[in-house]
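Secondary and tertiary structure notes
Chain by chain, the residues run as shown.
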Amino acid sequence: ALIDKGNHRHFMQKEIYEQPVVVAQTLQSYIRPVEQKVALPDMGFDLSKIERVAIVACGTASYVGMIGKYWIERFARLPVEVDVASEFRYRDPVLLPNTLGVVVSQSGETADTLAALRHMKANGVTTAGIINVPTSSMAREVDLLLSTHAGPEIGVASTKAFTCQLAVMAALAVNLARASGRLAEDEERAIVRHLIEAPAGINAALAHDAEIEAMAHTIAQARDVLYLGRGPDYPLALEGALKLKEISYIHAEGYASGEMKHGPIALIDDSVPLIVLAPSGPLFDKTVSNMQEAKARGARVVLISDAEGLAQAGDDAVATIEMPSVHPLIAPLVYAVPVQLLAYHVAVAKGTDVDQPRNLAKSVTVE
Ligand code: AGP
């Protein structure tokens, strides 16, 4: 079928806006709303036998893996290793029995991820795949296919596939937690309620589009941009930096907030915008002190947080973007939106080819 941009200027913009619908669509396959339970498709193996998880992916999909590590370790108390596929496959990884190997891929054709999947299977590892293209090589080869229902993603910069992958990763984490006997029924119900709220949270985040567009004109002047986040928002900082690099060609790096003082702070002056992704929570005051350290060195801080966080941070930020208050579990799905919109509008301001950035292919089928 012919896919068009509808009322949107670019596929990337259209795909950003599709997220409330496609995330809801994806969650439908993994949630039983009446029983408030998470369910995976039928599988030929017993999840309660799983003792550890190895997640392998590339690029944006690898950040889903990193976020999954926080979730699976927290809820299921299973150790998780995350690797980029190009490293995993060549470093002769130690694959212990009762490992669940998980690949994450939009296309299902990325050469390194496919090779990593085959390596795991050849070593007797049971595999699951969070994959968007159901007819792809990976979808055919995994033991357990966990489909994302994002629909075709045309923009080279991955957006809706990412948030749908996160939704499935959350469902997988909850299932592993239940199978390991570590999740009380009421906890599971609470998580399901939060997941069901994710599409509304994404919608609320989209409402800040015009504000982000206005801010993008200043950021488009920068030579370097830093992104900071903590916990599951750290991989999101990496995603923000990757997105900006890919389509605007501005140099950007993501760091764990607490790592800034171990090096990157040397880069900071008044020409470096610092994008801080920080929902309120127990560690928020630590992030505020990281921001103050940066501000004292002239950084122009853009704080993305909820009302509570923004109030607590006071006037340390030159600009703020207010996210809805959401449970920390779904924060990465919601905070992904301002990060995507920022990259999008900066690229549009710079006049680059948003959907087909230079040197990049949608699906990297060479090694
Ligand atoms: C994301 O914006 C990138 N274009 C890229 O990192 C991508 O996520 C990566 O190549 C993995 O692709 P896949 O999900 O199709 O395996």
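Residues numbered from 1 in each chain as written. Predicted model: local features only at pLDDT ≥ 70, side-chain atom pairs only at ≥ 80, totals over all residues.

Topic: the site of the ligand
As a reminder, the rule being used: Each residue receives a C-beta atom built from its backbone; the residue is near a molecule or strand if that atom lies within 6 Å of it. The numbering of helices and of strands both runs from the N terminus, where a helix is a DSSP run of H or I of at least 4 residues and a strand a run of E of at least 2. For this scheme, ten residues count as nonpolar: Ala, Val, Leu, Ile, Met, Phe, Trp, Tyr, Cys and Pro. Four count as charged, namely Asp, Glu, Lys and Arg, and the remainder, Gly too, count as polar.
Around the ligand sit 15 residues in total, of which Gly59, Thr60, Ser105, Ser107 and Thr110 are the nearest. Among the elements that make up the shell around the ligand, the one with the highest residue count is helix H3 (residues 59-76) (three residues). When grouped by side-chain class, the residues that make up the shell around the ligand number five nonpolar, nine polar and one charged.

Some words on unusual backbone geometry
Excluding glycine, residues mostly carry a negative phi; peptide bonds, for their part, are mostly trans. For clarity, the threshold we go by: Counting other C-beta atoms within 10 Å of its own, a residue is labelled buried from 20 upward, exposed at 12 or fewer, and partly exposed in the gap between, with every C-beta atom placed from the backbone.
Phi is positive for Gln36, which is not a glycine, with a value near 50°. Using a count of 17 C-beta atoms within 10 Å as the deciding quantity, one classes Gln36 as partly exposed.

Observations regarding the environment of Tyr70
Applicable threshold: By the convention adopted here, residues are in contact when the distance between their C-beta atoms, placed from the backbone, does not exceed 7 Å.
With respect to the secondary-structure elements, Tyr70 resides in helix H3. With 19 C-beta atoms counted inside 10 Å, the residue Tyr70 sits in the partly exposed group. Once residues within four sequence positions are removed from consideration, Tyr70 is found in contact with Gly231 and Pro232.

Some remarks on the packing of helix H8 (residues 185-206) against helix H13 (residues 331-350)
Worth spelling out the cut-off: Angles run from 0 to 180 degrees between N-to-C directions of axes, and those axes are lines fitted to C-alpha atoms, restricted for helices to the stretch in contact. An angle below 35 degrees is read as roughly parallel, one above 145 as roughly antiparallel, one from 65 to 115 as roughly perpendicular, and any other as oblique. For any pair of crossing helices, the crossing counts as left-handed if the nearer helix is rotated counterclockwise from the farther one by less than a right angle, and right-handed if it is rotated clockwise.
Packing of H8 against H13 leaves a shortest axis separation of 8 Å and a crossing angle of 20°. Comparing the axis directions of H8 and H13 gives the class roughly parallel. Note that H8 runs across H13; the crossing there is right-handed. Counted together, Ala198, Gly201, Ile202, Ala205 and Leu206 of H8 and Leu333, Val334, Val337 and Pro338 of H13 form the full contact between these two elements. Looking at the contact of H8 with H13 residue by residue, the class counts come to eight nonpolar, one polar and no charged.

Structural notes on the pairing of strand E12 (residues 319-323)
In plain terms, the rule: In this analysis, strands are considered paired if DSSP registers two or more bridges between them. Call a crossover right-handed when, viewed with both strands pointing away from you, the route from the first strand across the helix to the second goes clockwise.
Two elements, strand E11 (residues 300-306) and E12, share five bridges in a ladder whose sense is parallel. Looking across to E12, one finds that Val302 is bridged to Ala319. With respect to chirality, the unit in which E11 leads through helix H12 (residues 307-313) into the neighbouring parallel E12 is right-handed.

Structural notes on the sheet that holds strand E9 (residues 251-256)
With parallel pairing, the five strands of this open sheet are ordered in space as E9-E8-E10-E11-E12. Edge strands, defined here as strands with exactly one partner in the open sheet, are E9 and E12. The mean inter-strand angle of the sheet, taken between neighbouring strand axes irrespective of direction, is 15°. Sheet topology places strand E8 (residues 224-229) next to strand E10 (residues 273-277); four bridges connect them, and they run parallel. Counterpart to Gly229 in the pairing with E10 is Leu277. Helix H9 (residues 209-219) rests against E8, E10, E11 and E12 of the sheet, and its axis sits at about 150° to E12. On the sheet, H13 packs against E10, E11 and E12 and is oriented at approximately 140° with respect to E12.

Observations regarding the confidence of the model for the protein
To keep things clear, this is the line we draw: Confidence scores labelled pLDDT are given residue by residue by the predictor and lie between 0 and 100.
In this model, the protein carries an average pLDDT of 94, and 99% of its residues clear a pLDDT of 70 or more. Predicted complex, confidence summary: ipTM 0.98, pTM 0.96.

Topic: the packing of helix H10 (residues 233-248) against H13
Relative orientation of the contacting elements H10 and H13 amounts to 20°, with a least axis distance of 9 Å. In terms of axis orientation, H10 runs roughly parallel to H13. Considering how the two elements wind past one another, H10 and H13 form a crossing that is right-handed. Where H10 abuts H13, its residues Asp233, Leu236, Glu239, Gly240, Lys243, Leu244, Ile247 and Ser248 lie against Ala331, Pro332, Tyr335, Ala336, Val339, Gln340, Ala343, Val346, Ala347 and Lys350. Of the residues that constitute the contact of H10 with H13, the class distribution is eleven nonpolar, three polar and four charged.

Quick notes on the sheet that holds strand E6 (residues 126-131)
Judged by pairing direction, the sheet is parallel, and its five strands sit side by side in the order E4-E3-E5-E6-E7 without closing on themselves. Edge positions in the sheet fall to strand E4 (80-84) and strand E7 (144-147), since each of these pairs with one other strand and no more. Each neighbouring strand pair of the sheet contributes to a mean axis angle of 20°, computed without reference to strand direction. In this structure, strand E5 (residues 99-105) lies alongside E6, joined through six bridges in parallel fashion. For Val104, the partnering residue across the bridge sits in E6 and is Ile130.

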